[in-house]
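Residues per chain, in single letters:
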Amino acid sequence: MHTLEDRLAARVQALDYDTWRAKVHAVNGCARPIRLAGAHQLQDAATGQVLHHHGGDIFAPCGNRRESVCPSCSDRYAADAFHLIRAGLIGGHKGVPETVTDRPRAFVTLTAPSFGAVHHARTSARGKRIPCGCGEFHHDADTRVGTPVDPETYDYTGSVLWQAHAGALWQRFTTRLRREIAKRAGLKVREFTEQARLSYSKVAEYQRRGLVHFHAVIRLDGPDGATSPAPAWAHPDLLDDAAYAAAGAAYVSTHYRDGTPLTVVWGEQVDVRRIEPMGAAELEDDTGRISEGRLAAYIAKYATKGTGKSEAADRPIRSERDIEFLRVSDHHRRMIQTAWDLGDLPAYEDLNLRRWAHMLGFRGHFLTKSRAYSTTFKDIRGDRRRYRLEETLDRLGLADRAGSIAVINAWDFDGAGYRDDAERELAAGIAERIRDDRKLKYSKENDHGQQTAQRG
């Protein structure tokens, strides 16, 4: 039997290797590309004359956002998330004016409450390790961190139900925030909606205990969103104070399986920090204020970080027997089992918990935004398609006819993934090189931008 090294050598030496490698490179080394067979052609929209035709088979990216499933597509999603968030932070492109930097803006972190003591690895302000409630000193890499000190008394049902209602709790928070802002401005809610609009983007991140917390950029705009200035009464202090009040007042009512009421609220660790236009400054200054220059990257990484970590399973669970074989901790396995069991009860039928058991009961999206915050994923991806089309037309000498050309695609599904482990290994190597080159490019661009800002 040939070894993997033999199969790798054979694939690299094959006559079609260069063609195969080009297809892999076109999808940035996607871990499980969609194979398509068919044809693509460019033709004159008026006459139907075929100007260019390409037939055969191609790869299309799988589009999975999970880093653990496909690092390449996860990177692409994170990059799109970065541009989406950045556009709403600094403006100047994607239809968002630069004047958004003058608006009251806050970086808000909302966490889950406690459902029982868990092991922790904390340090004091002086850098000394703080003992855990169990009496030991845990290091950050200790696998017990985030797990219950006493699993038998930990409220697994409460934690899963909180997780299932986290999205609704966020909506209650934003509704309450509008009311709190209006109250501080001396307005009725109706008057607030006539004079201002609350714009935001948020991402969810799993904590080690398996519960999500939210990082959000909140911006106070005029009534038309990003394109209209905030009213004269809008002030950063007003927004900060209202955010704390809204976090303390928001709640969702549900119940345990025996009918005991359960009030879903935010945890005590609510953090609200003002966002200032600091250019190339550090993420946070000495006063705790956040600079917009690096905040977009800081937040965007959570758009895929939460979905790529081991707290949740990679795919939906189809059978209870699958739970036993998941590669997760015992604590997270128990959360999954709890979600699965609750999903069988008529009282929680509307939560559809079995569908979300692999996500530890979390039913929300990992990145959401209000309509007026900035651009959309659809627009970002549309811009990328147009850019690639322009490249193709320029290469074919058809750039001057761009407005009169129709793109015709006729592709059929031909399978998913690579043929064998040798192709998978080679594709992973290609993906890693692409990521390394991209990181090096971004690093040089960021260094140049910071030097330019410092000289200015």
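Just so it is clear, the model here is predicted, and its values are computed rather than measured.

Caption draft 1: Expanded view of the overall build of the protein chain. Each helix and strand in the protein chain was counted, giving 13 helices and 13 strands. The buried share of the protein chain, taken over its 456 residues, is 43%. Long-range contacts, defined as pairs at least 24 residues apart, comprise 69% of the intrachain contacts of the protein chain with a sequence gap of at least 6. Total accessible area computed for the protein chain in this model is approximately 24200 Å², and 49% of it derives from carbon and sulfur atoms.

Caption draft 2: Focus on the pattern of salt bridges. Inspection of every chain in the model, using the stated rule, returns 26 salt bridges. Here Asp-57 and Lys-23 are joined by a salt bridge, their closest N and O atoms 2.4 Å apart. Of the two residues, Asp-57 is situated in strand β2 (residues 50-60) and Lys-23 in helix α2 (residues 17-26); the sequence distance between them amounts to 34 residues. Classification of Asp-57 by relative accessible area gives partly exposed; the value is 41%. Under the relative-accessibility criterion, Lys-23 is labelled buried at 18%. For Arg-176, the salt bridge goes to Glu-180, with nearest N and O atoms at 3.0 Å.

Caption draft 3: Examining unusual backbone geometry more closely. Phi is positive for Asn-352, which is not a glycine, with a value near 50 degrees. Along the polypeptide, Asn-352 turns up in the loop between α11 (330-342) and β12 (367-369). Positive phi values are uncommon outside glycine, yet Leu-360 reaches one of about 60 degrees.

Caption draft 4: Focus on the packing of aromatic side chains. Applying the stated rule across the entire model yields 14 aromatic pairs. Pairing Phe-59 with Tyr-418 gives two aromatic rings, centres 5.9 Å apart and planes at 80 degrees, and the pair type is edge-to-face. Of this pair, Phe-59 sits in strand β2 while Tyr-418 sits in the loop between β13 (405-416) and α13 (421-455), placing them 359 residues apart in sequence. The buried category is assigned to Phe-59, whose relative accessible area is 12%. Centre to centre, the rings of Trp-170 and Phe-214 are 6.1 Å apart; their planes meet at 70 degrees, and the pair counts as edge-to-face. Of this pair, Trp-170 sits in helix α5 (residues 166-184) while Phe-214 sits in strand β7 (residues 212-221), placing them 44 residues apart in sequence. Through successive ring pairs, a cluster of aromatic residues spans Trp-162, Trp-170, Phe-173, Tyr-200, Tyr-206, Phe-214, Trp-266, Phe-362 and Phe-366. When the ring centre of Phe-59 is taken as reference, the NZ or CZ atom of Lys-23 above it lies at 4.9 Å. Sitting above the plane of the Phe-214 ring, Lys-202 keeps its charged end 4.3 Å from the centroid.

Caption draft 5: Local environment of the environment of Glu-324. Along the chain, Glu-324 turns up in the loop between α10 (320-323) and α11. Note on Glu-324: relative accessible area 59%, which makes it exposed. It is 9.9 Å that separates the C-alpha atoms of Glu-324 and Arg-334, two residues lying 10 residues apart in sequence.

Caption draft 6: Quick peek at the pairing of strand β6 (residues 197-206). For β6, the tally of buried residues reaches nine of 10 residues, placing the bulk of the element in the interior. Linking β6 to β7, which pair antiparallel, is a turn of five residues; within it Gly-210 sits at a positive phi near 95 degrees. When β6 meets β12, the two strands line up antiparallel, connected through three bridges. Across the sheet, residue Val-203 finds its bridge partner in β12, namely Leu-367.

Caption draft 7: Quick look at the packing of helix α3 (residues 71-90) against helix α12 (residues 377-395). At a closest axis distance of 10 Å, the pairing of α3 and α12 adopts a crossing angle of 110 degrees. Here α3 is positioned roughly perpendicular relative to α12, judged by the angle of their axes. By crossing handedness, the relation of α3 to α12 is classed as right-handed. For the pair α3 and α12, contact is made by Arg-76, Tyr-77, Asp-80, Ala-81, His-83 and Leu-84 and by Phe-377, Ile-380, Arg-381 and Arg-384, respectively.

Caption draft 8: Quick look at the confidence of the model for the protein chain. Model confidence for the protein chain is summarised by a mean pLDDT of 87, while 89% of its residues fall at 70 or above. Segment residues 452-456 is flagged for pLDDT under 50; beyond a separation of four residues in sequence, or across chains, it makes one contact in the model.

Caption draft 9: Seen up close, the sheet that holds β13. The sheet built from three strands is open, its strands ordered β2-β1-β13 with antiparallel pairing. Strand pairing shows two members of the sheet lacking a second neighbour, β2 and β13, which therefore form its edges. Strand-to-strand twist in this sheet, taken as the mean axis angle between neighbours without regard to direction, amounts to 10 degrees. Here 11 bridges tie strand β1 (residues 34-44) to β13, and the two strands are oriented antiparallel to one another. Residue pairing for β13: His-40 is matched across the bridge by Asn-409.

Caption draft 10: Expanded view of the environment of Glu-268. Here Glu-268 lies in the loop between β9 (261-264) and β10 (271-276). Measuring from C-alpha to C-alpha, the distance between Glu-268 and Leu-110 comes to 8.7 Å, with 158 residues separating the pair along the chain.

Caption draft 11: Layout of the pairing of strand β3 (residues 105-110). Burial analysis of β3 places six of its six residues in the buried class, the great majority of the element. Alternating residues of β3 divide into Arg-105, Phe-107 and Thr-109 and Ala-106, Val-108 and Leu-110, and every residue in both groups is buried. Summarising the sheet, β3 and β7 pair through six bridges and their orientation is antiparallel. Along β7, the bridge assignment pairs Thr-109 with His-215. Sheet topology note: the β3/β10 ladder contains four bridges and is antiparallel. When the bridges of β10 are listed, Ala-106 appears paired with Arg-274.

Each value, and the rule that gives it
- Residues numbered from 1 in each chain as written.
- Predicted model: local features only at pLDDT ≥ 70, side-chain atom pairs only at ≥ 80, totals over all residues.
- Heavy atoms only, no water.
- Helix = DSSP H or I, 4+ residues; strand = E, 2+ residues; numbered from the N terminus.
- Buried < 20%, exposed > 50% of the residue type's maximum accessible area, 1.4 Å probe, protein only.
- Contact = heavy atoms within 4.5 Å.
- Areas by Shrake-Rupley, 256 points an atom, 1.4 Å probe, with all protein chains shown as cover.
- Salt bridge = Lys/Arg side-chain N within 4 Å of Asp/Glu carboxyl O.
- Phe/Tyr/Trp six-rings, centres within 6.5 Å; stacked < 30°, edge-to-face > 60°.
- Lys NZ or Arg CZ within 6 Å of the ring centre and 35° of its normal.
- Pairing = 2+ DSSP bridges.
- Axes fitted to C-alpha atoms, helices over the stretch in contact; angles between N-to-C directions.
- Parallel < 35°, antiparallel > 145°, perpendicular 65-115°, else oblique.
- Left-handed = near helix turned anticlockwise from the far one by under 90°.
- pLDDT = per-residue confidence, 0-100.

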